Amino acid sequence: MTETGHTRTEDLIARLAADAQPVRPLRPPMLRALFWLGIAVLMIAAVVMAIGIRPDFMDEMGETHYQLEWAGAMLTGILAAIAAFHVSLPDRGRAWALLPLPGLALWLFSIGYGCLTDWVRHGPEGFAFGVSFFCFRSILLISLPLSLVLLAMLRLAGPVRPVATIASGMLAASALSACAVDMFHGDEATLMVLLWHGGAVALLVGLGTLFNRRLFGLFGPRTAG
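Residues numbered from 1 in each chain as written. Predicted model: local features only at pLDDT ≥ 70, side-chain atom pairs only at ≥ 80, totals over all residues. Heavy atoms only, no water.

Topic: the environment of Val181
At step 1: Tracing the backbone shows Val181 in helix α7 (residues 162–184).
At step 2: Overall, Val181 belongs to the buried group, its relative accessible area being 0%.
At step 3: As for Val181 and Cys135, which are separated by 46 residues in sequence, their C-alpha atoms are 6.4 Å apart. (Helix = DSSP H or I, 4+ residues; strand = E, 2+ residues; numbered from the N terminus. Buried < 20%, exposed > 50% of the residue type's maximum accessible area, 1.4 Å probe, protein only.)

Structure, rendered in structure tokens:
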């Protein structure tokens, strides 16, 4: 710019610099993921303590396919949380969204193994379909506050890979919620676990992916991390 009736470039830069607010850089994604996981553990522990651990939980966990199923859900939740915080950053690759796949594969394998075990033990009755709205509703209700906290921590990621970010975040919240529900509600055929637990997870991930822009818009961009 020139000085003939216009603001000089130097003056404009000086004014912008004077009005600029200090920006605190985001903390490392792994640190933020661990912080969210710590919040998730506290929230889940509070819910489980309020409802109470079912008496047969430890006996059930003595069986291989229950161990694998619970470990698979837990691993899926942890890896999905880490993926969400990494894939939300523009300097990280999209491949971070694939991080939960090993946990998800273990989770699905263990459910398939459980279905086979039910067939061997009970025959066709092992595939009996039942209604378990309680576990479905519980996963949704536990996942909601976890998802809101996660979205608040990822509020800067709205313009950056929103679909991959929200899908990973919802998967993290719902998988950990499924672990919690297993601790106070059980005695179901494995097919019901697949239908009701898997249905709740799929619903949350699907809705979050569909409305990702609106969900991020609830919190609005901020400069703090």
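As for the environment of Phe109
At step 1: Among the structural elements, Phe109 can be located in helix α5 (residues 101–122).
At step 2: When the C-alpha positions of Phe109 and Leu68 are compared, they lie 8.4 Å apart, and in sequence the two are 41 residues distant.

Side note on helix α2 (residues 29–51)
At step 1: Spanning 23 residues, α2 covers 33 Å between terminal C-alpha atoms, matching the ideal 33 Å at 1.5 Å per step.
At step 2: Along α2, the residues classified as buried are Pro29, Arg32, Ala33, Trp36, Leu37, Ala40, Ile44 and Val48. (Expected span 1.5 Å × (residues − 1).)

As for the packing of aromatic side chains
Aromatic rings considered in pairs are described by the distance between their centres and by the relative angle of their planes.
At step 1: One pass over the structure, following the stated rule, counts one aromatic pair.
At step 2: Centroid distance Phe57 to Trp70: 6.3 Å. Interplanar angle 65 degrees. Geometry classified as edge-to-face. Linking Phe57 in helix α3 (residues 57–60) with Trp70 in helix α4 (residues 64–87), this pair joins segments that are 13 residues apart in sequence.
At step 3: In this structure Phe57 comes out as buried when scored by relative accessible area, which is 7%.
At step 4: On the basis of relative accessibility, which here comes to 22%, the residue Trp70 falls in the partly exposed class. (Phe/Tyr/Trp six-rings, centres within 6.5 Å; stacked < 30°, edge-to-face > 60°.)

Regarding the pattern of salt bridges
At step 1: Considering all chains together, one arrives at two salt bridges under this definition.
At step 2: The partner of Arg54 in a salt bridge is Asp56, with the nearest N and O atoms 3.0 Å apart.
At step 3: Exposure remark for Arg54: the relative accessible area of 9% places this residue in the buried category.
At step 4: Residue Arg92 is joined to Asp91 by a salt bridge in which the shortest nitrogen-to-oxygen separation is 3.8 Å. (Salt bridge = Lys/Arg side-chain N within 4 Å of Asp/Glu carboxyl O.)

Topic: the packing of α2 against α4
The description of two packed helices rests on the angle between their axes and on the distance between the axes.
At step 1: With their axes 8 Å apart at the nearest point, α2 and α4 run at an angle of 135 degrees to one another. Taken together, the axes of α2 and α4 are oblique relative to one another. α2 and α4 meet at a crossing whose hand is right-handed. Contact with α2, carried on its side by Pro29, Met30, Arg32, Ala33, Trp36 and Leu37, involves Gly77, Ile78, Ala81, Ile82, Phe85 and His86 of α4 and no other residues of that element.
At step 2: Across the contact of α2 with α4, the residue classes break down as nine nonpolar, two polar and one charged. (Axes fitted to C-alpha atoms, helices over the stretch in contact; angles between N-to-C directions. Parallel < 35°, antiparallel > 145°, perpendicular 65-115°, else oblique. Left-handed = near helix turned anticlockwise from the far one by under 90°. Contact = heavy atoms within 4.5 Å. Nonpolar A, V, L, I, M, F, W, Y, C, P; charged D, E, K, R; others polar.)

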